[in-house]
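Chains, contacts and geometry: an overview
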Amino acid sequence: MFVNPENIHDFGTIFEGIELKKMTSRHTVNLQKTIRECLDYGEKWSESGLYDLCSTLVYESITTTLFGSSVDARSIVKDLKSFDTDVHLLAYPAPYRWFKPNLIRSRNKIAKRLSSVKNDDSENVFVSKLNELASLLSKEDVGSINMAVLWAAYGNVIPAIFWTYFYLRRYPNIYEIILREIESASSEAKEDDLIYSMPHLDGVMEETMRLTANALIVRECMQDMKLMIVNAGYEISLAENDILILFPFASQIDEEYFPRPHEFVHDRFVIGSPNQASAAARRIHAPFGEGKFVCPGRLLGKNVIKWTIVAMIKQFDIDFFDDCETIKKPTMLKSRQGFGIPPPQKDIRIRYRVK
Ligand code: HEM
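Residues numbered from 1 in each chain as written. Predicted model: local features only at pLDDT ≥ 70, side-chain atom pairs only at ≥ 80, totals over all residues. Heavy atoms only, no water.

1. Focus on the packing of helix α4 (residues 77-86) against helix α8 (residues 139-170)
We apply this condition: For helices, the fitted axis covers only the stretch in contact; all axes are lines through C-alpha atoms, and the angles between them, taken along N-to-C directions, range from 0 to 180 degrees. A run of H or I in DSSP counts as a helix once it spans at least four residues, and a run of E counts as a strand once it spans at least two, with each numbered from the N terminus. Each angle gets one of four labels, with under 35 degrees taken as roughly parallel, over 145 as roughly antiparallel, 65 to 115 as roughly perpendicular, and the rest as oblique. Residue contacts follow a heavy-atom distance rule, with two residues in contact if any of their heavy atoms lie within 4.5 Å. Here the nonpolar group is Ala, Val, Leu, Ile, Met, Phe, Trp, Tyr, Cys and Pro; Asp, Glu, Lys and Arg are the charged ones; every other residue, Gly included, is treated as polar.
With their axes 11 Å apart at the nearest point, α4 and α8 run at an angle of 75° to one another. By the angle between their axes, α4 is roughly perpendicular relative to α8. Packed against α4, whose contacting residues are Leu-80, Phe-83 and Asp-84, the element α8 presents Met-147, Leu-150, Trp-151, Tyr-154 and Gly-155 at the interface. Along the lines of polarity and charge, the residues of the contact of α4 with α8 split into six nonpolar, one polar and one charged.

2. Notes on the UniProt feature "binding site: heme" (unreviewed entry) in the protein chain
Put simply, the rule is: UniProt positions are given in the numbering used here, feature names are shortened, and annotations may be inferred rather than shown by experiment.
Here the UniProt feature "binding site: heme" (unreviewed entry) sits at Cys-295. Topologically, Cys-295 is positioned in the loop between α12 (279-284) and α13 (298-315).

3. Side note on the nonpolar core
Our working definition: The set of buried Ala, Val, Leu, Ile, Met, Phe, Trp, Tyr and Cys residues whose side-chain atoms join them within 4.5 Å is what this entry labels a nonpolar core. Exposure classes here rest on a 1.4 Å probe applied to the protein chains alone. A residue is buried below 20% of its type maximum, exposed above 50%, and partly exposed in between.
Among the nonpolar cores identified, the biggest contains 83 residues, and Leu-66, Phe-126 and Tyr-154 are the most heavily contacted of them. Looking at which element gives the most residues to this core, the answer is α8, with 16 residues. Among the nonpolar cores identified, the runner-up in size contains five residues, and Tyr-257, Phe-258, Phe-269 and Ala-277 belong to it.

4. A word on the sheet that holds strand β6 (residues 316-320)
Inclusion rule: At least two bridges found by DSSP between two strands are what make those strands a pair.
Ordered in space as β1-β7-β6, the three strands form an open sheet in which the pairing is antiparallel. Where the open sheet ends on each side, the last strands, each with one partner, are β1 (46-49) and β6. Neighbour to neighbour, the strand axes of the sheet diverge by 35° on average, direction disregarded. Contacting β1, β6 and β7 (349-354), helix α3 (residues 50-67) runs over the sheet at an angle of about 95° to β1.

5. Digging into the side chain of Glu-207
Rules: Whenever two N or O atoms come within 3.5 Å, that pair is a polar contact, provided that in protein one can donate a hydrogen and the other can accept it, and provided that, for residues adjacent in sequence, both atoms are side-chain atoms.
With respect to the helices and strands, Glu-207 occurs in helix α10 (residues 199-212). On the accessibility criterion, Glu-207 (0% relative accessible area) is buried. Of note is the side chain of Glu-207, whose polar atom sits 2.8 Å from the side chain of Arg-210. A distance of 2.9 Å separates polar atoms of two side chains, one belonging to Glu-207 and the other to Arg-268. In this view, Glu-207 contacts Glu-263, Phe-264, Val-265, Arg-268 and Phe-269; residues no more than four positions away in its chain are not counted.

6. Regarding the confidence of the model for the protein chain
Keep this limit in mind: A residue's pLDDT is simply how confident the predictor is in it, with values from 0 to 100.
Confidence in the prediction of the protein chain, expressed as mean pLDDT, is 90, and 94% of residues score 70 or more. Element-level pLDDT for the protein chain is lowest in helix α1 (residues 5-14), with a mean of 63, against a maximum mean of 98 in α10. Residue range residues 1-5 is modelled with pLDDT below 50. Its contacts to residues more than four positions away, or to other chains, number nine contacts.

Put into structure tokens, the structure is as follows:
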């Protein structure tokens, strides 16, 4: 995806430590702006899909968090949505894409909007780095790279928020635990610290990803080698330039590591809980990939999911039209299997109001 693999490491450090903290705090401001300016307030209920609501909360806020306000994120929200709907076609041979002019149109519009990003905030190191990189590239390449980063960010975060919120409402006793955790965290911590002090919500997010994150991890072999398949007790020979595809999801639903593998067990990832997963199981759980090319945005992604879920719980009344406790988990969108976290095949109807 990147011009050369080294660039990605530069970018990875931007989403860590103090820069991560600054980005997360910028994101909370942008999220509140979206809630204030893009949704109705007051007693009136609005009808929507749950996935649609999650998308509205993310598109503009994450675009502005990453690229700053000079990009006018609101003007490309429709294109981000249209691109997200058909993005899987870009992985197919060309003719499939030609039948989707909307996909090409929205991709071009987003890439154009992101082809020159002004640094309107000296605190935004991500934009400074992008601009350094941009000086070596054509405008079109800059737009395409920025767009790929933006999709990598929202394309997984929105479904993660959807599934996390779905599981919370599906199991009201767990919702209560998280509600209490949010209430006590907000009374004890400064707003800034809130993100670091909710082990049960962290655990619910990890368990949600264990059940839904099914990216294919693609690697190219740099030299001839033998790869030992540990549990199977045999090795395979790989030649230079061979493509290796790993599928961590297979282990995430392996009974040997995760008893009752298809069940949502909210405290598997909570340290010291009765259902705590073994150290080996926690190691093979890899929703963000693994190794040198692990997702560079994973910490920011988790923070965005967390803050959005906290906002949905604290600031919204959300009613499902169907009984939450008996509602079946929607199937995951088939066309997005293997890309990361798939959206649902069909949205869940809700009504909501901002408190
Ligand atoms: C729930 C949220 C997310 C999930 C599940 C996720 C998952 C992944 C996975 C599985 C990969 C491939 C890793 C590998 O090959 O080992 C990846 C790559 C990547 N992710 Fe994420 N991601 C998320 C959020 C984000 C965010 C918020 C950003 C940006 C701020 C981001 C930026 C990227 C980029 C740029 C790559 C490509 C790295 C490369 O090409 O080497 N991701 N992500």
